[in-house]
Amino acid sequence: MPGYAVALVARVFSGIQPSGALHLGNLLGAVRNWVEDQHTDDSIFCVVDLHALTVPQDPATLRTATVQLSQLLMASGLDPAICTLFVQSHVPEHAELSWLMECTVSFGELRRMTQFKDKSDRSEFVSAALFTYPALMAADILLYDTDRVPVGDDQRQHLELARDIAGRFNGRYGDTFVVPEAAIPRAGARVMDLQNPTAKMSKSLESPLGTVYVLDELRDIERKIKRAVTDTDGEVRYDPSNKPGVSNLLSILAACTGRSPEEAAAGYSQYGPLKADTAEAVVETLRPIQSRYSELADDPAESARLLAIGAERAREVAGPVLDRARAAVGLLPR
Ligand code: TYM
């Protein structure tokens, strides 16, 4: 018998960092799928401000970014009436469970994380927390008895590690945590930079022309997509290794129109119409999000109220799970 209750509805959990502005990769790789999940599963989503602190942040910018991202998630369709949406640092159980995760993961496992290697290579100051980041991420997930974690492809390795940590903890101390599965979408799991289609679209790469931000002016979005790097052979075909630029446009078009990239390729024989249709599909995806965002941004007190309710609900789940883990390792009850 597991130490946790077996639920009838699947529990979904995912998180997003308030570092840099929300971009099309975040939306198509993750957030859009969260919006779907909330209707069918018991869904919990978190703005992970503690994770953002692993690299130096300007305090005022972090504050603004946390509010803006929370409002953008609501504008994208997360409905606090049917899902739980909260800010990580409002639920202190995350930081506490993270310690138990750090005591369960090995130095060697953390050293193999490719995101740590990438980020530490690019930074002058490498915090200890950047190294232990995946332990906090495992805590986020395991605190909620999570069955499924909808993420983009770049989080696959962190998810595998969270599963390993859960398995090791359960093996050492008895069944305590649900071992979660990653859920990675068919289209949009890896949106690439429009100017450099062999690198993923990212908040941290300085590539203003290659990154479509959800709050970009719609005409700038159109311009960025029409100027996307393609290739010279002129054939429209989904082939990410040989045709990364064209394949990226097909993935974006597919994700925005609910098809596979191969299906999206049918009917195109030139790059111009493909770019025009992709630009239109992205603009039509972002237009309603931008207009809902402008309404929500006018009422910061309301979003703060909704986030406080979310944190309260999250704590109701996280508290008992943390107590279970504390008891399992031999900490005295408080
Ligand atoms: P973050 O904030 O970098 O990204 C949030 C989500 O967006 C996805 N994503 C992409 N998907 C497709 N194409 C892209 N170019 C692209 N860029 C980003 C990410 O895969 C992610 O799903 N470590 C996480 C945050 C986190 C978390 C968690 C996630 C903390 N705790 C617990 C899940 C569960 C991160 O930095 O995501």
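Residues numbered from 1 in each chain as written. Predicted model: local features only at pLDDT ≥ 70, side-chain atom pairs only at ≥ 80, totals over all residues. Heavy atoms only, no water.

Examining the overall build of the chain
When its secondary structure is counted, the chain shows 13 helices and five strands. Radius of gyration (C-alpha) of the chain: 20 Å, near the 20 Å computed for a compact globule of 334 residues. With respect to the principal axes defined by its C-alpha atoms, the chain has extents near 65 × 45 × 45 Å. Total accessible area on the chain stands at roughly 15,400 Å², and carbon and sulfur atoms take up 53% of it. Of note, the chain has its 34 positive side-chain charges centred 3 Å away from the centre of its 45 negative side-chain charges. (Helix = DSSP H or I, 4+ residues; strand = E, 2+ residues; numbered from the N terminus. Rg over C-alpha atoms; globule rule 2.2 N^0.38 Å. Areas by Shrake-Rupley, 256 points an atom, 1.4 Å probe, with all protein chains shown as cover. Lys, Arg positive; Asp, Glu negative; His and termini not counted. Charge placed at Lys NZ, Arg CZ, Asp CG, Glu CD.)

Some thoughts on the packing of helix α1 (residues 24–40) against helix α12 (residues 271–297)
Two elements in contact, α1 and α12, have axes whose closest approach is 12 Å; the angle formed by their N-to-C orientations is 75 degrees. The orientation of α1 with respect to α12, classified from their angle, is roughly perpendicular. In this structure, α1 contributes Leu-24, Leu-27 and Arg-32 to the contact, and α12 contributes Val-282, Thr-285, Leu-286 and Ile-289. Partitioned by chemical class, the residues of the contact of α1 with α12 number five nonpolar, one polar and one charged. (Axes fitted to C-alpha atoms, helices over the stretch in contact; angles between N-to-C directions. Parallel < 35°, antiparallel > 145°, perpendicular 65-115°, else oblique. Contact = heavy atoms within 4.5 Å. Nonpolar A, V, L, I, M, F, W, Y, C, P; charged D, E, K, R; others polar.)

Re the site of the ligand
Near the ligand lie 28 residues; those nearest to it are Gln-17, Tyr-133, Asp-140, Asp-154 and Val-191. Taking Gly-25, its main chain carries an N or O atom lying 3.1 Å from a nitrogen atom of the ligand. Contact with the protein chains covers 96% of the free accessible surface of the ligand, which is 710 Å². The pocket occupied by the ligand, as judged from atoms lying within 2 Å of grid points, is the largest pocket. For the shell around the ligand, the elements supplying multiple residues, two or more each, are β1 (11–16), α1 and α7 (128–142). (Near = heavy atom within 4 Å. Polar contact = N/O pair within 3.5 Å; in protein donor to acceptor, adjacent residues only side chain to side chain. 1 Å grid on protein atoms, 1.4 Å probe; cavity = no way out; pocket = protein on both sides within 12 Å on 5 of 7 lines; lining within 4 Å. Sits in = over half its atoms within 2 Å of the grid points.)

Some remarks on the pattern of salt bridges
This model, assessed by the stated rule, comprises 23 salt bridges. Residue Arg-223 is joined to Asp-220 by a salt bridge in which the shortest nitrogen-to-oxygen separation is 3.1 Å. Pair noted here: Arg-223 and Asp-220 are both in helix α9 (residues 218–226), with a separation of three residues, about one helical turn. The class of Arg-223 is partly exposed, set by a relative accessible area of 41%. Using a relative accessible area of 26% as the deciding quantity, one classes Asp-220 as partly exposed. Here Glu-235 makes a salt bridge to Arg-237, at a shortest N to O gap of 3.2 Å. Given a relative accessible area of 42%, Glu-235 falls into the partly exposed group. (Salt bridge = Lys/Arg side-chain N within 4 Å of Asp/Glu carboxyl O. Buried < 20%, exposed > 50% of the residue type's maximum accessible area, 1.4 Å probe, protein only.)

Description of the packing of helix α4 (residues 93–102) against helix α13 (residues 300–329)
Where α4 meets α13, the axes come as close as 10 Å, and the angle between the chain directions of the two elements is 25 degrees. On the basis of the axis angle, α4 is roughly parallel to α13. Crossing angle aside, the handedness with which α4 passes α13 is left-handed. The segment α4 lies against α13, with Glu-93, Glu-96, Leu-97 and Leu-100 engaging Arg-315, Ala-318, Gly-319, Leu-322, Ala-325, Arg-326 and Val-329. Among the residues making up the contact of α4 with α13, the classes are represented as six nonpolar, one polar and four charged. (Left-handed = near helix turned anticlockwise from the far one by under 90°.)

With respect to the environment of Leu-100
With respect to the helices and strands, the residue Leu-100 is situated in helix α4. Given the relative accessible area of 11%, Leu-100 is considered buried. Along the backbone, Leu-100 and Ala-325 are 225 residues apart, and their C-alpha atoms lie at a distance of 8.2 Å. For Leu-100, the contacting residues outside a window of four places in its chain are Ala-325, Arg-326, Val-329 and Leu-331.

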